[in-house]
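Given next are the chains, with one letter for each unit.
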Amino acid sequence: MHERSRGRVTRGGSTWAQQTMASNLLLTSLLVGSTPVKPPGSIVMFVADDLGWNDLMFRNSRMRTPVIEGLRQKGVTLTSYYVQPVCSPTRGSLLSGKFPLNLGFDSVIHDTEPMGVPLDAVLLPQALQAHGFATHLLGKWHIGMFKPALLPINRGFSSAFGYLCGSTGYWDHGNTEAFCPGHPEPVFVLDLTNGTRPAIGEFGGRWNGTYETEMYSAALEEILDSRANLTQPLFLYIAPNNVHTPLGAPDIYYEGFENELNEGRRTFMATAAAMDAFVENVTGSLARHGLMEDATFVFTTDNGGNLRGSGNNWPLRAGKFTTWEGGGETKTPTTYGLLFGLLSMRFLTRFRRQMGREYCGRTTTSYSLVSLGTGKKLVVPGAAGETP
């Protein structure tokens, strides 16, 4: 039997509160409120791909993710936190505050399927953008692309640079499609988009051969350097391919894993180390621009580790694609910031007041977890109440 932390949230190692689905709490805190006050700091939501229960230093000392571990130790760790067993439903829920059942899909959205998060759902970037945030996406979308209205640039993001489908090559930023109409041989398809256009030419071709997280690090610097309003808070939704297959990382990240006998696992660990370096680049960039002190940093995975892609969910059973705990239970998100614990009453109250009442009662479809996390019922004057 392995030790489990049922219904616990740890803060600096001590028991603090309880959690089941972080996005619903975050959206509830954003979408209900009263009197506007000074906006909080910027928000970073970092979504790792296919990261397993045992794939961070938090539980596995053989992993090399010291930056993520440092954020975890300074913030709040949700130790009984569940996501969906595959990526699209989790990502849709994180951005909409709705359970996948209410979004109309519970599995991966393939590139040929006419599906996506319904257009009447108010997404987190839309709510934030309406209240003065500059909103930017770097990385994976994968919650609808069959018509322009579903693209991230039309769902509340001021800019969107990344890929639309489920995975991409780390250096070539595309996929080889075996079944392409009119082409008997496999065809390479670029999946790198800037707004509504393929990211080719000036803002695309220069990235060919650049490792994905290094590309996004450079793009983030350009976003921060080009801000017209230096006082405007940011919402950054960052979703790299790491550690989704096809695994890969620059040689430097393999250092220290020479004794790992399983080649697939060694490559996985290097890919995770590259992701950790990316987190360091993100936090460093924010700090250099004076945006980290009051920032909210949320780190989560989209589903459990893929056992067919060298993920590690031990001691949980099974992994991605399954409804066993290895497919949907994770130790994240890790959160960091002066104001931010996901269950912080101060944070929730501040955001509720800032966001106003226009979204009240219309977006989230799960419990507000304030009472679970604090033992107190949050009463917001003029609000419609918490969704049962």
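Values in this document were obtained by computation on a predicted structure and should not be read as measured data.

Q: Looking at this structure, I do not really get the packing of aromatic side chains. What am I missing?
A: Each aromatic ring pair is specified by the distance between its two centres and by the angle formed by the two planes. Counted by the stated rule, this structure contains 11 aromatic pairs. Plain terms: the ring middles of Phe157 and Tyr237 are 6.1 Å apart, the flat faces sit at 45 degrees to each other, and that makes the pair tilted. Remark: Tyr237 occurs in strand β12 (residues 234–239) and Phe157 occurs in the loop between β6 (134–140) and β7 (159–163); sequence separation between them is 80 residues. Assigned by exposure class, Phe157 and Tyr237 land together as buried. Taking 6.4 Å as the distance between ring centres and 35 degrees as the angle between the ring planes, the aromatic pair formed by Tyr216 and Phe278 counts as tilted. Here Tyr216, found in helix α5 (residues 212–225), pairs with Phe278, found in helix α6 (residues 263–288); they are 62 residues apart in sequence, far enough to count as distant.

Q: Explain the side chain of Arg227 here, please?
A: The residue Arg227 is located in the loop between α5 and β12 in this model. The buried charged residue Arg227 lacks any salt bridge partner; its closest oppositely charged side chain belongs to Asp225, at an N-O distance of 7.7 Å. Here Leu230 takes part through its backbone oxygen, which lies 3.3 Å from a polar atom of the side chain of Arg227. Excluding residues that lie within four positions of it along the chain, Arg227 makes contacts with Gln232, Leu234, His289 and Leu291.

Q: Can you help me understand the packing of α5 against α6 in this one?
A: Packed helices, taken two at a time, are described by the angle between their axes plus the distance between the axes. Running from N to C, α5 and α6 cross one another at 10 degrees; their axes reach a closest spacing of 10 Å. As the angle between them shows, α5 and α6 are arranged roughly parallel. Contacts from Thr213, Tyr216, Ser217, Leu220, Glu221 and Leu224 of α5 reach α6 at Ala274, Phe278, Asn281, Val282, Ser285, Leu286 and Arg288. Within the contact of α5 with α6, the residues separate by chemical class into 7 nonpolar, 4 polar and 2 charged.

Q: Looking at this structure, how should I read the pairing of β12?
A: In regular strands, side chains alternate between the two faces of the sheet. Taking burial as the measure, the 6 residues of β12 include 6 buried ones, the bulk of the element. A two-sided burial pattern is seen for β12, the buried positions comprising Leu234, Leu236 and Ile238 on one face and Phe235, Tyr237 and Ala239 on the other.

Q: Help me understand the nonpolar core, please; the structure alone is not making it clear to me.
A: A general trend in soluble globular proteins is that nonpolar side chains are found buried together. Phe46, Phe161, Val279, Val282, Leu286, Phe297 and Phe299 are the most contacted members of the largest nonpolar core, which totals 48 residues. Of all elements in the fold, only β3 (43–48), α2 (66–74), β6, β7, α5, β12, α6 and β13 (296–301) reach the threshold of two or more residues within this core. Considering each element in turn, this core owes the most residues, 12 residues, to α6. Listed in part, the 28 residues of the second largest apolar core include Ile43, Met45, Leu94 and Leu137.

Q: Can you help me understand the pattern of salt bridges in this one?
A: Note on pairing: side chains with opposite charge can pair once their charged atoms come close. By the definition in use, this model includes 8 salt bridges. Between Glu260 and Arg62 there is a salt bridge, with the nearest N and O atoms lying 2.6 Å from each other. You can see Glu260 sitting in the loop between β12 and α6 and its partner Arg62 sitting in the loop between β3 and α2, a full 198 residues away along the chain. Under the relative-accessibility criterion, Glu260 is labelled buried at 12%. For Glu69, the salt bridge identified is with Arg72, shortest N-O distance 2.8 Å. Of this pair, Glu69 and Arg72 both sit in helix α2, 3 residues apart, which is roughly one turn of the helix. For the pair Glu69 and Arg72, one class covers both residues: buried. One continuous salt-bridge network, built from bridges that share partners, spans Asp49, Arg91, Lys140 and Asp302.

Q: Would you explain helix α3 (residues 87–96) in this entry?
A: At 3.6 residues per turn, the α-helix brings residues three or four places apart onto the same side. Among the 10 residues of α3, 10 are classified as buried, and the element is accordingly described as predominantly covered. Of all the positions in α3, only Cys87, Ser88, Pro89, Thr90, Arg91, Gly92, Ser93, Leu94, Leu95 and Ser96 are classed as buried.

Q: Would you take a moment to explain unusual backbone geometry for this structure?
A: Backbone phi values are negative for most residues with the exception of glycine, while trans is the configuration of most peptide bonds. Of note, the amide linkage connecting Thr245 to Pro246 takes the cis form, showing an omega dihedral of 0 degrees. Going from Trp314 to Pro315, the amide bond is cis rather than trans, its omega being 5 degrees. The residue Pro315 is located in the loop between β13 and α7 (325–328) in this model. One non-glycine residue, Phe321, lies in the positive phi region at around 80 degrees. By secondary structure assignment, the location of Phe321 is in the loop between β13 and α7.

Q: Quick question: what am I supposed to make of the confidence of the model for the chain here?
A: Detailed reading of the predicted coordinates is not advisable wherever pLDDT falls low. Averaged over every residue, the pLDDT of the chain is 77; residues scoring 70 or more account for 72%. Low pLDDT, under 50, characterises residues 1–37; the predicted model gives this stretch 132 contacts beyond four residues in sequence or across chains.

Q: How do you make sense of the pairing of β6 when you look at a structure like this?
A: With 7 of 7 residues buried, β6 lies mostly within the body of the structure. By the bridge criterion, 6 bridges tie β6 to β12 in an arrangement that is parallel. Within β12, the residue paired with Leu137 across the bridge is Tyr237. Of the strand pairs in this sheet, β6 and β7 are connected by 5 bridges, and their pairing is parallel. Its bridge partner lying in β7, Leu138 is registered against Phe161.

Procedures and definitions
Residues numbered from 1 in each chain as written. Predicted model: local features only at pLDDT ≥ 70, side-chain atom pairs only at ≥ 80, totals over all residues. Heavy atoms only, no water. Phe/Tyr/Trp six-rings, centres within 6.5 Å; stacked < 30°, edge-to-face > 60°. Helix = DSSP H or I, 4+ residues; strand = E, 2+ residues; numbered from the N terminus. Buried < 20%, exposed > 50% of the residue type's maximum accessible area, 1.4 Å probe, protein only. Lys, Arg positive; Asp, Glu negative; His and termini not counted. Salt bridge = Lys/Arg side-chain N within 4 Å of Asp/Glu carboxyl O. Polar contact = N/O pair within 3.5 Å; in protein donor to acceptor, adjacent residues only side chain to side chain. Contact = heavy atoms within 4.5 Å. Axes fitted to C-alpha atoms, helices over the stretch in contact; angles between N-to-C directions. Parallel < 35°, antiparallel > 145°, perpendicular 65-115°, else oblique. Nonpolar A, V, L, I, M, F, W, Y, C, P; charged D, E, K, R; others polar. Core = buried A, V, L, I, M, F, W, Y, C linked by side-chain atoms within 4.5 Å. pLDDT = per-residue confidence, 0-100. Pairing = 2+ DSSP bridges.

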